[in-house]
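Topology and contacts: notes
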Amino acid sequence: MKQHPLCSDCEDKITPMDLPIPSGLKKEWATCESRRQFLGRTGKVLGWAALAGLFGEASLNYRALASGPNLQAGSGINNLGLPHFAPKAKRAIYLFMSGAPPQIDLFDYKPNLAAQFNNDMPASVRGNQQLTGMTAGQARFPIAPAHWPFKQYGQTGTWISDLLPYTARMVDDLTFIKSTNTDAINHEPAIMLMNTGNMNAGKPCLGAWLAYGLGSMNDNLPTFVVLQTKTNPKENNQPVSSRLWSSGFLSSEFAGVGLRSVGDPVLYLQDPAGVDRQTRRKMLDAVEEINRQTLAEVGDPETNSRIAQYEMAYRMQSSVPELTDLSKEPESTWDLYGPEAKEPGTFAYNCLLARRMAERGVRFTQIYKRGWDVHDNVVGNLPVLCGETDRGSYALVTDLKRRGLLDDTLVIWAGEFGRTVYSQGGLSQENYGRDHHPRCFTVWMAGAGVRPGVTYGETDEYSYNVVKDPVHVRDFNATILHCLGIDHNKFAYKFQGLDQKLTSPVPAFVVQGILT
Amino acid sequence: MSVATKVASSAGDLWQRARQSRRAWLGAACATALILLSLLFVPLDGRPRADWLQFLGRFHPLLVHLPIGLIVLLPVLETLGIRHPSLREAAGLVLKFAFAACLVAILFGLLLAYGSGESGTTVTLHLRGGVLLAIELLFCVAVRRSWLQTQHSPAYFALLAGLLLTLTWTAHQGGSLTHGSNYLTHYMPPTLKRYVAPSAVSSHPSSFFAKHIYPVLDTKCVSCHGTNKEQGGLRLDSYESLMAGGKDGIVIAPRNPDGSLLLKKVTLPPSDPHFMPAEGRPPLTPDEIARIRAWVLAGASPEAGSVPGIFIAGDREEAPPPVGDYRALMGEIQQMQQSQGAKLVPVSAKPSDGLILRTTDVAATFDDSQLAKFQRFAPFIVEAELGRTAITDESIATLAQFKNLRALHLEGTLVTGRTLGKLSSLSQLSYLNLSATKVTSGEVAPLKSMPNLRHLYLFNSPAEPASADNGIRSTQ
């Protein structure tokens, strides 16, 4: 328990450092160290020196790398040796459909299921799989075919549900993976696995790895930005937390910077009334000076991160208002994204921001859309969810394409798992529900590094098990890294005695079949 | 005396003796030779004949290996016979057998060609090769006896060498007939392939058709639908003949795979009499069929470089040529990176991948004079991000000297089309973004002749095409 510095019955002796006295005096005090301090510190120093000697040079290098390439002002000098090879994509935009969209109603067309309406799903299909507590107790697992018809689109003749009329227009630009699968059956572990490669919290997410490994492409905006879509209270919104864009054991300057969906995108970014830019600059310079002293004294790399973050915030004071000022967007933008895009916080608005950030050199943008957790009332909820996201996704890909940005941008659309073919709760002609399903789900990618129009992997006739070309989440992440010029096996950070990787210690394989 | 005249005189000498000693025998030989010679000009009319002719004819590929074996054995026996006279004795028998087997093989070959109605240059060449072989064997028989009497005369060995050459050439023609003309070269390493005469498949050698459709046709179809044979009046050895179709009409209906006869025939059940490839030749793989189907669905273009939805391993984009090593300039590059201003960023850890010129942070103030300062780095710069900078037409001349430039971003700049033509000298340029500039379509037109320019963006410019494809223009 921390005690007040002036409390008379303090357990520890009060030092002048704790007293509210001018810092000049404290500094003076710090220079005349007591014998006890001297001996205490000498002991520690000798211990550390011995330890460093034992570890050899490797430990020193490791410390030097801890803050990644950004430590050196400006971008590009990369002492990590990254990118390993010439990347196809310079940046990525990740549309994250939190809650798990039902692949079977949107992409994974199973025409034979219609005839099996309300039949029991064969037990052999499920095998010995353990279901979630929500459906494990169900007496039967009645097959619920997709409520919406599918049609073929594009030159590739890809089947798409009527729910996604806009996505249907761009199927020839997309790369579908129908065989993605994951280890987790519940949201939190699954969404962590998808984003950080590990079900447990504390690991850096994809965006943080990219920020650490590839560094920034601009000085005025963060390397990694997270945009949250306004929630629709009628939907089943699973929580999305900052763990998902955390930098884990990497320096915190690589964590995602969240822009708020309502009000000011960044809080307290504006100077308070009466404070002009010069005053702000002077203040920040003073803070930096103090922080540098702390860094010299304590040597904690987090102090470095803090210095960088103050500077970034200062620059963002002008760059963020410019970023979010959509008044100069031509009419063609609104024709493409729709009127919804004018309203901050909508998915379409976020997609437009993502395009603007791509133009301004943001390395990685992740847009979260919650509400896909359709345990019941699929027929009621899914059209709303698709209506909210379909046009925005289409507009983003199309806009990037017409502006020539899709040549070096990778767009990813994915949730954390799929949903079951059998109905959760009652199945009727009018409605049904779908439970979590980790064994297969559909994701798509578009743009740099991936081959357009390809559909990769196949599921069985119940969209339950993968029958061809399985792609584990690890493989999926390895493929994303590959598109950005990174060999996932070589991209490691030593922490807790392990060469930590985004793709975890289990072997992962780049999906060669979808690469250009 | 030169070797040639020596050979000629000794051959003449031998010939003289043979004539003297075996006049009658020689008469018969000459008659045979004449008949064989006449066969050289036998016409094959290309009409299929009665079944039993074909039935017998199909033993030709089996029988043909007997004379081949014997002919190859012959020089071996003769050479070894120098030490072991018994082998030399055997050689005489082998030679006669070879001649007889050769005649039989030719006979069956004729039955096959005549019966199945095969006609075409390769068939004719193969037939002529066989006949030539028989004539040479005959000469060998004639010469050998006297050669045995006058040891070490080179004429006989010269004949044997000629025999082997003819054999190789004839066998190759035969192989081309059964396996297709690219059977040997298909999997040849590219380093060797360069020395083989390139097949002029199409006027667009990097098109999807040339790379992925033609080889399938060539391996699986052309042996019956090509220069060798023209079954059903259909030739599949060029894009034009493929699209022209045969006696049953067109075989490829663009954008309509289900209405394309070719796809119908190759997807019939193999037991169906109309199934192709016929006569038990290897059928098309599902992968090859999918490839043709996708190509037809996409319009069956002879030029298109890719077909949506089809991925072919090994069909990766060719890596651009490496640029020089910039590491000598690294000190300067790093200094630039640490200061405010435009930066040079390595594309990857490999120096040969080049540098990117990045101006994002200073775009508004980055002008022609600043770009000029980067001229000394020009050979190493593969991508110039100059979008929304203050550069003008003056910089185009500077940029024309960035010889390794592959991607050039000029979107939102003051550049007009006036000097764009100068960029034509950038042979590696594959990406050019002129969105939101004042260029017009007339000014952009000369760029279209650039060999590697695949992505030209004109969004929000006067040159933007009014088509529905969102302003994407591809020159390929």
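Below, the structure is looked at part by part. (Residues numbered from 1 in each chain as written. Chains lettered and ligands numbered in written order. Predicted model: local features only at pLDDT ≥ 70, side-chain atom pairs only at ≥ 80, totals over all residues. Heavy atoms only, no water.)

1. Section: the nonpolar core
All names here are of chain A. Grouped together as the largest cluster of nonpolar side chains are 61 residues, with contacts concentrated most on Leu-95, Leu-106, Leu-382, Leu-396, Val-411 and Trp-444. Per-element tally for this core: the top contributor is helix 13 (residues 378-402), with ten residues. Once you skip the residues sitting within four places of it in the chain, Leu-95 turns out to touch Phe-347, Cys-351, Ile-367, Ser-393, Leu-396, Val-411, Ile-412, Trp-413, Ala-414 and Trp-444. Counting residues in each nonpolar core, the second largest holds 59 residues, with Leu-82, Leu-210, Ala-211 and Ala-478 among its members. (Core = buried A, V, L, I, M, F, W, Y, C linked by side-chain atoms within 4.5 Å. Buried < 20%, exposed > 50% of the residue type's maximum accessible area, 1.4 Å probe, protein only. Helix = DSSP H or I, 4+ residues; strand = E, 2+ residues; numbered from the N terminus. Contact = heavy atoms within 4.5 Å.)

2. Topic: the interface of chain A and chain B
A common way to express how large an interface is: the accessible area buried when the components associate. Listed by partner, the interface residues are 41 residues for chain A and 38 residues for chain B. Roughly 3,100 Å² is buried in total at the junction of chain A and chain B, and carbon and sulfur atoms are behind 50% of that figure. On the surface where chain A and chain B come into contact, there are three salt bridges. In this structure, the salt-bridge partner of Glu-385 of chain B is Lys-90 of chain A, at a minimum N-O distance of 2.5 Å. Taken together, the connections running from chain A to chain B amount to eleven residue pairs in polar contact (both at pLDDT 80 or more). Here the side of chain A that touches chain B gets three residues from one element, more than from any other, and that element is helix 13 of chain A. Of the residues in the side of chain A that touches chain B, the class split is twelve nonpolar, 18 polar and eleven charged. (Buried area = accessible area lost by both parts, 1.4 Å probe. Salt bridge = Lys/Arg side-chain N within 4 Å of Asp/Glu carboxyl O. Polar contact = N/O pair within 3.5 Å; in protein donor to acceptor, adjacent residues only side chain to side chain. Nonpolar A, V, L, I, M, F, W, Y, C, P; charged D, E, K, R; others polar.)

3. A look at empty space enclosed by the protein
Residues and elements named next belong to chain A. Counted by the stated rule, this structure contains four cavities of 30 Å³ or more. Put simply, the second largest cavity is a space of about 50 Å³. As for the second largest cavity, its lining consists of Pro-101, Pro-102, Gln-103, Leu-106, Phe-107, Trp-413, Gly-415, Phe-417, Phe-441 and Thr-442. The set of elements that each furnish at least two residues to the lining of the second largest cavity consists of helix 4 (103-106), strand 8 (409-415) and strand 11 (441-447). Residue classes in the lining of the second largest cavity are distributed as seven nonpolar, three polar and no charged. (1 Å grid on protein atoms, 1.4 Å probe; cavity = no way out; pocket = protein on both sides within 12 Å on 5 of 7 lines; lining within 4 Å. Points joined across faces, edges and corners; volume = space filled by probe spheres on them.)

4. Quick notes on the pattern of salt bridges
Under the counting rule described, the total for this entry stands at 42 salt bridges over all chains. Sharing partners across several salt bridges, the network here consists of Glu-322, Glu-329, Arg-355, Arg-356, Glu-359, Arg-360, Asp-399, Arg-402 and Arg-403 of chain A.

5. Side note on a nonpolar patch on the surface
Together, Trp-48, Leu-51 and Leu-54 of chain A make up a nonpolar patch on the protein surface, roughly 380 Å² of accessible area in all. Here Leu-54 of chain A shows up in helix 2 (residues 35-55). (Patch = residues over 30% accessible without salt bridge, like charges linked within 9 Å, V, L, I, M, F, W, Y side chains within 5 Å. Areas by Shrake-Rupley, 256 points an atom, 1.4 Å probe, with all protein chains shown as cover.)

6. A short note on the packing of helix 5 (residues 65-80) of chain B against helix 6 (residues 85-116) of chain B
Residue and element names in this part refer to chain B. Closest axis-to-axis distance for the helix 5/helix 6 pair is 8 Å, and the angle between their directions is 160 degrees. Taken together, the axes of helix 5 and helix 6 lie roughly antiparallel to each other. Crossing angle aside, the handedness with which helix 5 passes helix 6 is left-handed. Between helix 5, through Leu-66, Pro-67, Leu-70, Ile-71, Leu-73, Leu-74, Leu-77, Glu-78 and Leu-80, and helix 6, the contact on the second element is made entirely by Leu-87, Arg-88, Ala-90, Ala-91, Val-94, Leu-95, Phe-97, Ala-98, Ala-101, Cys-102 and Ala-105. Across the contact of helix 5 with helix 6, the residue classes tally to 18 nonpolar, no polar and two charged. (Axes fitted to C-alpha atoms, helices over the stretch in contact; angles between N-to-C directions. Parallel < 35°, antiparallel > 145°, perpendicular 65-115°, else oblique. Left-handed = near helix turned anticlockwise from the far one by under 90°.)

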